[in-house]
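Spelled out, the chains give:
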Amino acid sequence: QQQVKQSPQSLIVQKGGIPIINCAYENTAFDYFPWYQQFPGKGPALLIAIRPDVSEKKEGRFTISFNKSAKQFSLHIMDSQPGDSATYFCAASSDTGNQFYFGTGTSLTVIP
Amino acid sequence: DTGVSQDPRHKITKRGQNVTFRCDPISEHNRLYWYRQTLGQGPEFLTYFQNEAQLEKSRLLSDRFSAERPKGSFSTLEIQRTEQGDSAMYLCASSMSSGNTIYFGEGSWLTVV
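Keep in mind that what you see is a predicted model, and the values were worked out from it rather than measured.

This part covers the nonpolar core. Residues and elements named next belong to chain A. Judged by nonpolar contacts, the single largest core of 24 residues is most densely connected at Phe33, Trp35, Leu47, Phe73, Leu75, Tyr88 and Leu108. Breaking this core down by element, the ones donating at least two residues are β2 (10–14), β3 (20–25), β4 (33–38), β5 (45–50), β7 (62–67), β8 (72–77), β9 (86–92) and β11 (106–111). Among the elements that line this core, the one with the most residues is β9, at 4 residues. Look past the residues within four positions of Leu47 in its chain and what remains in contact with it is Trp35, Tyr36, Gln37, Glu59, Phe62, Leu75 and Tyr88.

Here we come to the interface of chain B and chain A. A common way to report how large an interface is uses the accessible area buried once the components associate. Contact residues are listed per partner, giving 22 residues for chain B and 20 residues for chain A. At the junction of chain B with chain A, the criterion picks out 1 salt bridge. Between Lys42 of chain A and Glu106 of chain B there is a salt bridge, and its shortest N-O distance comes to 3.6 Å. Of all the secondary-structure elements, those providing two or more residues to the side of chain B that touches chain A are β4 (31–37), β5 (44–50), β9 (88–95) and β10 (103–104) of chain B.

When its volume is computed, the second largest pocket comes out at roughly 340 Å³. As for the second largest pocket, its lining consists of 21 residues, of which Gln38, Thr87 and Phe89 of chain A together with Gln37 and Gly40 of chain B are closest to the centre. Put simply, the parts of the chain that give the lining of the second largest pocket at least two residues each are β9 and β11 of chain A. With 3 residues, β9 of chain A is the largest single contributor of residues to the lining of the second largest pocket. Each residue belonging to the lining of the second largest pocket can be placed in one class, and the counts come to 7 nonpolar, 13 polar and 1 charged.

Residues and elements named next belong to chain A. If you trace the backbone, Tyr88 turns up in strand β9. Between the C-alpha atom of Tyr88 and that of Thr104, which follows or precedes it by 16 residues, the distance is 9.0 Å. Once residues within four sequence positions are removed from consideration, Tyr88 is found in contact with Gln6, Ile21, Tyr36, Gln37, Leu47, Phe62, Leu75, Ile77, Gly105, Thr106 and Leu108. Within the structure, the side chain of Tyr88 is placed 2.5 Å from the backbone oxygen of Asp84, a separation counted as a polar contact.

Cut-offs used in this document
Residues numbered from 1 in each chain as written. Chains lettered and ligands numbered in written order. Predicted model: local features only at pLDDT ≥ 70, side-chain atom pairs only at ≥ 80, totals over all residues. Heavy atoms only, no water. Core = buried A, V, L, I, M, F, W, Y, C linked by side-chain atoms within 4.5 Å. Buried < 20%, exposed > 50% of the residue type's maximum accessible area, 1.4 Å probe, protein only. Helix = DSSP H or I, 4+ residues; strand = E, 2+ residues; numbered from the N terminus. Contact = heavy atoms within 4.5 Å. Salt bridge = Lys/Arg side-chain N within 4 Å of Asp/Glu carboxyl O. 1 Å grid on protein atoms, 1.4 Å probe; cavity = no way out; pocket = protein on both sides within 12 Å on 5 of 7 lines; lining within 4 Å. Points joined across faces, edges and corners; volume = space filled by probe spheres on them. Nonpolar A, V, L, I, M, F, W, Y, C, P; charged D, E, K, R; others polar. Polar contact = N/O pair within 3.5 Å; in protein donor to acceptor, adjacent residues only side chain to side chain.

Structure below.
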């Protein structure tokens, strides 16, 4: 079964808008939650990551919000730009596990 | 550039042929992962090495697939008797054994015709 559920599947926003991508998980052993950005024909690139001991993390225009009790986390992209148009994947892993579980991805289009 | 390197980037092969992909991880990384990604899906775990030891394999890794990491450096992923369903991007990633962050290569696209 899908260990990490991601929504929406696709998203279109105007330049300057704030797209929000959501992910949910069930396994409470997960303790590391990265987001990856992937452009067509390229491998996923690490964007930002969070651990459950904090509720929010910001890096530049990218913010992760984390709700441990709800087992949900989300990515917010501030002042989105056309260059942010890509597919975004959330993921989860645990210290005791050896693999990362990925969501199904969100295709983001930022319209100029 | 000292990122994860994969070769070849693209491979077209006829059904039934064998193919091999190579991955060179970031030099100081002990862990190496292979993932498979199909269009519209997230990466799916195939296998994982800690140094030269293959410690975990996914059920997705049928007996036609074999991965090696001799001497704990580069790794190869071989697919024997390829099938059309093997068409996908094969991603290699690496990480420090003590950390969680994994870094992906650019991927190797396989098309089986």
